[in-house]
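# Breakdown of the fold
These are the residues of each chain, in order.
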Amino acid sequence: MSVISVSIDKNTVKDSGVSVHEVAADLVDEEEHQLGFTELFFRKRKHLIDPDATATKRSVFDDAVLAPHYWPKKNYENIHRFDPSARWTYREECALMRKIDWKIMVMAAIGFAALNLDRFNVNQANSSTFLTDLNLTTDDFNLGNSIFRLTFLCAELPSQLVSKRVGPDRWIPTQICLWSLVSLSQFWLTGRTSFLACRALLGALQGGFIPDLLLYLSYFYTKTELPIRLALLWMSTDLCNIVSSFLAFGILHLDGAAGKAGWRWLFLIEGGITLLIGVAAIFNMPASPTQTKTWFRPNGWFTEREEVIMVNRILRDDPTKAINLRYCLQGDMHNKEGLSLGRLWTAICDYNLWPLYILGLTFGIPDNPPLTYLTLLLRDIGFNTFQTNLLSIPYQALGIVTMFLVTLLSEHIGERTFVAMLEDLWTLPFLVALYALPSEPNQWVFFGIVTGLLSFPSVAYLHQLAWCSRNAGSVSGRTVNASLYNMFLQANSIISSQIYVASDAPRYERGNRILIVICCINIGVLYPGTKAYYIWRNRQRDKIWNVMTVEERDHYLRTTMDVGNKRLDFRFAH
């Protein structure tokens, strides 16, 4: 486990009223495991466990020597529920997790759906008369996508700074409401300038939403519970796109209503839907496990007992979420503590995460252009507006299946690098087939190849984001490094939006050659190189840590100024 620990004033421990010398004989020492689909949906474990047995896992808080190094800060918002002596059963834990899923995760999924609805509906509008009505060319469309990605990228860190200052519970609903207003205002687009302006505003307001949401969810879930839920969240992207394709099919039939084109009604109606979601989020995103009571919800969502369980299971899993350390910037972060320039610069200079940033820059390029231009490609090959929207559904449905299967595979092999690389491994043969097609291919053969290409298991982004978060090693590091990773991801999209250009239309042979080369570099160089680097770094740490005596390790923990992944007891995941 990666943790941050340094010397603190032991009066902090005494002031809490909790002893670190409590008897810990009844704690669970089972090996940490990743939560899987079976356990998530059916609450089943590989080994039969008495539901009334103690589920509290052993942690550093049960060691009288180590506990003071990991004690929560006095201004941690859940400190009044922190109690290392607290114990709970598997029955209580399972019931509580079901409640958290319904209260917290469902709202997060709806907010994520709002993001995808307003982020991708321009592609559906493109299947109509969107470009011709606004006198736009393919290159103008490329420019709009590039501007969207650029402002999305530039907004990543500012959004994280705002989120850490005011809290993601306030900032996320505000983001949704603001971008929904911009989205529905596209009903009144008049030409190139207004199109580009709206794309810029949408990118600026949506940038940072995903890391903000991940940070928020980390307040309620442990590190082994969150990945599977993020996988389900990402699967919902395809489900949302399927629903939005049917919505587009119906809304575009309003073409001519009140003298307006169908694509205008598409932006207005879908923007209105996300505005309602934003308003709902204001009332359904509590700041922390112990802050669900408010004027419109006087009884809150959780009992005092449930709050104690939530707070202590989260901190036992990762003490850095509330740690009180002697660091030059005075500790890691509570939920509404802002990022300082010092923390920001420290995160940027963390060269151990640079390999993951490089992967974020390149991994999605091979499949981005075909995905972005799907509606135009299908129109160019001979399908009409309504056929195009319906034909965009099969790859999304298949994408859910492939992602589900790859997620199951990842549960069994425990291999981050290979699982993240599967997206490019899937894409490469279809890109080669697409490049090998004749100049005038059969439209159904073309459709089949493109559908196969876009049915890739979309797991790389989430796996690499979780990988980056895991290898950061602290809350402040996770916050900034997640934003930095997403900035490289948006740069990835900016690059990919310039590969299919008007001069290469309609077959984009030159563009497909470029995509094949990049895909081969990812598979043959970047992913193996990243794994090799982290193996090498871990071996370096082992050579030092494994020869230290117990006394030397204790002295290091008490006196070190190293934090996060700089610590000698930290090991990088690969």
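Here is what the cut-offs are and how they apply
- Residues numbered from 1 in each chain as written.
- Predicted model: local features only at pLDDT ≥ 70, side-chain atom pairs only at ≥ 80, totals over all residues.
- Heavy atoms only, no water.
- Axes fitted to C-alpha atoms, helices over the stretch in contact; angles between N-to-C directions.
- Helix = DSSP H or I, 4+ residues; strand = E, 2+ residues; numbered from the N terminus.
- Parallel < 35°, antiparallel > 145°, perpendicular 65-115°, else oblique.
- Contact = heavy atoms within 4.5 Å.
- Nonpolar A, V, L, I, M, F, W, Y, C, P; charged D, E, K, R; others polar.
- Salt bridge = Lys/Arg side-chain N within 4 Å of Asp/Glu carboxyl O.
- Expected span 1.5 Å × (residues − 1).
- Buried < 20%, exposed > 50% of the residue type's maximum accessible area, 1.4 Å probe, protein only.
- Phe/Tyr/Trp six-rings, centres within 6.5 Å; stacked < 30°, edge-to-face > 60°.
- Lys NZ or Arg CZ within 6 Å of the ring centre and 35° of its normal.
- pLDDT = per-residue confidence, 0-100.
- Core = buried A, V, L, I, M, F, W, Y, C linked by side-chain atoms within 4.5 Å.

### So, the packing of helix α15 (residues 374-381) against helix α19 (residues 443-454)
Taken N-terminus to C-terminus, the directions of α15 and α19 make an angle of 170 degrees; their axes are 10 Å apart at the nearest point. The angle between the axes of α15 and α19 places the two elements in the roughly antiparallel class. Along its contact with α15, which presents Leu 374, Leu 377, Leu 378 and Ile 381, the element α19 presents Gln 443, Phe 446, Phe 447, Val 450 and Leu 454. Class assignment for the residues of the contact of α15 with α19 results in 8 nonpolar, 1 polar and no charged.

### Quick notes on the pattern of salt bridges
The final tally for this structure, using the stated rule, is 11 salt bridges. Through salt bridges with shared partners, one network takes in Glu 93, Glu 225 and Arg 313.

### Some words on helix α6 (residues 168-185)
Compared with an ideal rise of 1.5 Å per residue, which puts 18 residues at 26 Å, α6 spans 26 Å between its outermost C-alpha atoms and is within 8% of the ideal. Within α6, 13 of the 18 residues are buried, leaving the element largely enclosed by the surrounding structure.

### So, the packing of aromatic side chains
Applying the stated criterion across every chain yields a total of 30 aromatic pairs. Relative to Phe 267, the ring of Phe 130 has its centre 6.0 Å away and its plane inclined at 65 degrees; by these criteria the two rings are edge-to-face. Remark: Phe 267 occurs in helix α10 (residues 262-282) and Phe 130 occurs in helix α4 (residues 130-133); sequence separation between them is 137 residues. Phe 267 shares its class with Phe 130; the two are buried. Considering the side-chain rings of Tyr 373 and Tyr 508, the 6.1 Å spacing of their centres and the 45 degrees angle between planes classify their relative orientation as tilted. You can see Tyr 373 sitting in the loop between α14 (368-372) and α15 and its partner Tyr 508 sitting in the loop between α21 (475-496) and α22 (509-545), a full 135 residues away along the chain. The class of Tyr 373 is buried, set by a relative accessible area of 1%. Grouping aromatic residues by their ring pairs yields a cluster made of Trp 467, Tyr 533, Tyr 534, Trp 536, Phe 570 and Phe 572. Above the plane of the ring of Phe 148 lies Arg 199, whose end atom (NZ or CZ) is 4.8 Å from the centre. A cation sits over an aromatic face here: Arg 297 above Trp 301, 4.1 Å from the ring centre.

### Digging into the confidence of the model for the chain
Averaged over every residue, the pLDDT of the chain is 82; the share at 70 or more is 86%. Looking at the elements of the chain, mean pLDDT is at its lowest for helix α1 (residues 11-15), recorded as 48, and at its highest for α10, recorded as 95. Confidence over residues 1-14 falls short of pLDDT 50; this stretch has 60 contacts with residues more than four positions distant or in other chains. In the model, residues 16-23 has pLDDT below 50 throughout and makes 15 contacts with residues more than four positions away in sequence or in other chains.

### Points about the nonpolar core
In this structure, Ile 100, Phe 209, Ile 210, Leu 213, Leu 217 and Tyr 461 are the most contacted members of the largest nonpolar core, which totals 82 residues. The greatest single-element share of this core, amounting to 11 residues, is contributed by helix α3 (residues 90-125). When sequence neighbours within four positions are dropped, the list of residues in contact with Tyr 461 reads Ile 210, Trp 234, Phe 363, Tyr 485, Asn 486 and Leu 489. Residues Leu 136, Leu 196, Trp 263 and Leu 374 belong to the second largest nonpolar core, which totals 45 residues.

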